[in-house]
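A closer look at the structure
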Amino acid sequence: MDCMVKDPTLEKLAVIGTGTMGHSIALSIALADMEVTMIGLDDADVKKGENSINEKLDILMENEVISPQEKIKVQNNISTPISLKDALADKTFVIEAAPENLEFKQELYKEIEGYCDRETILASNTSSLKPSDISKDMIDPNRMLVTHFWNPAHLVPLVEIVKNKFTKETAVDRAVELMQHIGKYPIKVEKEVLGFVGNRLQYALFREAQYLLEEGVATVEDIDAAIQMSIGRRLGVTGPFLTADMGGLDVFSSISDYIFPDLSNDSKSLPNLVELIDSSSYGQKNGKGYYVWDEKFHKEMNNKREKELIRWYKEDFKNSPNG
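To start, this report covers the structure provided alongside it. Everything numeric here is computed off the predicted structure, so don't read it as measured data.

Reading guide: rules and limits
- Residues numbered from 1 in each chain as written.
- Predicted model: local features only at pLDDT ≥ 70, side-chain atom pairs only at ≥ 80, totals over all residues.
- Heavy atoms only, no water.
- Core = buried A, V, L, I, M, F, W, Y, C linked by side-chain atoms within 4.5 Å.
- Buried < 20%, exposed > 50% of the residue type's maximum accessible area, 1.4 Å probe, protein only.
- Contact = heavy atoms within 4.5 Å.
- Helix = DSSP H or I, 4+ residues; strand = E, 2+ residues; numbered from the N terminus.
- Pairing = 2+ DSSP bridges.
- Right-handed = clockwise from strand over helix to strand, strands pointing away.
- Axes fitted to C-alpha atoms, helices over the stretch in contact; angles between N-to-C directions.
- Parallel < 35°, antiparallel > 145°, perpendicular 65-115°, else oblique.
- Nonpolar A, V, L, I, M, F, W, Y, C, P; charged D, E, K, R; others polar.
- Patch = residues over 30% accessible without salt bridge, like charges linked within 9 Å, V, L, I, M, F, W, Y side chains within 5 Å.
- Areas by Shrake-Rupley, 256 points an atom, 1.4 Å probe, with all protein chains shown as cover.
- Salt bridge = Lys/Arg side-chain N within 4 Å of Asp/Glu carboxyl O.
- Lys, Arg positive; Asp, Glu negative; His and termini not counted.
- Charge placed at Lys NZ, Arg CZ, Asp CG, Glu CD.

With that out of the way, let us pick up the nonpolar core. The biggest cluster of nonpolar side chains holds 42 residues, and the ones touching the most others in it are Ile25, Ile29, Ile95 and Phe149. For Phe149, the residues in contact, after removing those within four places along its chain, are Met21, Ile25, Ile95, Asn125, Leu158, Val159, Met179, Ile182 and Lys184. Formed by 17 residues, the second largest nonpolar core is a distinct cluster that contains Ile39, Tyr109, Cys116 and Leu122.

With 10 of 10 residues buried, helix H1 (residues 22–31) lies mostly within the body of the structure. Turning to H1, its buried residues are Gly22, His23, Ser24, Ile25, Ala26, Leu27, Ser28, Ile29, Ala30 and Leu31. Among the residues trailing H1, Asp33 stands out with phi positive, at a value near 65°.

What follows concerns the sheet that holds strand E7 (residues 158–163). Reading across from one edge, E3-E2-E1-E4-E5-E6-E7-E8 is the order of the eight strands in this open sheet, with mixed pairing throughout. In this open sheet, the two edge strands, each paired with only one partner strand, are strand E3 (78–79) and strand E8 (185–189). Sheet topology note: the strand E1 (residues 13–16)/strand E2 (residues 36–39) ladder contains four bridges and is parallel. What sits directly across from Val15, in E2, is Met38.

All right, on to the pairing of E1 then. Of the two faces of E1, the one carrying Leu13 and Val15 and the one carrying Ala14 and Ile16 are both buried. Handedness of the crossover joining E1 and E2 through H1 is recorded here as right-handed. Here E1 runs beside strand E4 (residues 93–96); their pairing, made up of four bridges, is parallel. Residue Ala14 lies in a different strand from E4, and its bridge partner there is Val94.

Right, let's get into the packing of helix H10 (residues 240–247) against helix H11 (residues 249–259). Taken N-terminus to C-terminus, the directions of H10 and H11 make an angle of 110°; their axes are 6 Å apart at the nearest point. One way to sum up the angle between H10 and H11 is to call them roughly perpendicular. Between H10, through Thr243, Ala244, Asp245 and Gly247, and H11, the contact on the second element is made entirely by Leu249, Val251 and Phe252. Residues belonging to the contact of H10 with H11 are distributed by class as follows: four nonpolar, two polar and one charged.

So, about a negative patch on the surface. Judged by side-chain charge, Glu214, Glu215, Asp262, Asp266, Glu275 and Asp278 come together as a negatively charged surface patch. Note on placement: Asp278 falls in helix H12 (residues 271–278).

So this is what it looks like as structure tokens:
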């Protein structure tokens with residue numbers, strides 16, 4: 001199987017999953033004026049996904065990203081059949097956004113592989129599992145790869161494309177072209193590594209934040225503020241290597257030499273996080289974590305994040321193929 005490169009506008013798309021990532025990935029595709037099939041477990045699962053999409057569309061309208069007419073058009077771009085087999089019969093590119101359980105994904109890929117044409121790309125939205133592990137029992141692992149979207153998928157441009165050890169380059173090319181067409185910024189992860197690129201960087205920062213809190217260096221609020229009011233302001237323009245170039249590699253090398261030995265090298269969550277987990281404090285999802293998530297704070301922070309991401313989305317959209 002060659003996984004022939006196709007015009008991305010001709011791809012027939014399906015997303016398996018209607019949860020946090022699934023519905024948002026389907027929305028990303030529909031916003032790019034492409035038709036997509038969103039597949040859930042049952043009617044209730046599909047309805048939940050549709051409701052989440054409608055909520056996001058309302059926010060986009062409120063922020064003048066789309067018009068009421070465009071909202072209807074986007075909704076019409078999304079179909080929601082229940083039968084997995086029937087839904088995949090004519091698809092050329094399938095994105096799976098199922099729970100992060102390796103055995104479940106392995107069984108799912110064995111099943112869906114039999115429903116699709118042999119040139120259909122099967123892509124996982126996993127954020128941590130290796131594609132070689134997911135595709136272990138597939139007949140054609142050369143058409144399987146990872147397309148890791150970031151939450152919320154309809155607003156965050158990055159998509160990490162990760163090959164398994166058998167993935168054809170033509171499959172990677174198709175994934176890159178499709179992601180670019182729907183306004184995303186794909187990067188190729190050339191080597192399978194836990195967490196890929198983005199999450200490794202995110203959790204390196206989170207580990208050091210836990211360490212600073214554990215050592216009593218600063219409060220939760222001030223550690224967050226240190227990022228928000230400094231590197232967070234410029235990370236949207238300069239990543240770590242560009243920042244180092246602009247600051248002077250000699251300076252960054254010197255600082256690295258004396259600060260690296262003092263950075264956290266803990267291999268597990270630090271006590272401040274473990275204590276919260278042990279007390280069933282999971283953050284926003286149940287009302288308390290490092291912060292207290294009452295209704296007012298919940299609404300305030302979610303609205304603030306949404307508006308900031310929409311501001312960036314508007315800028316990104318100007319430069320996309322659909323802008």
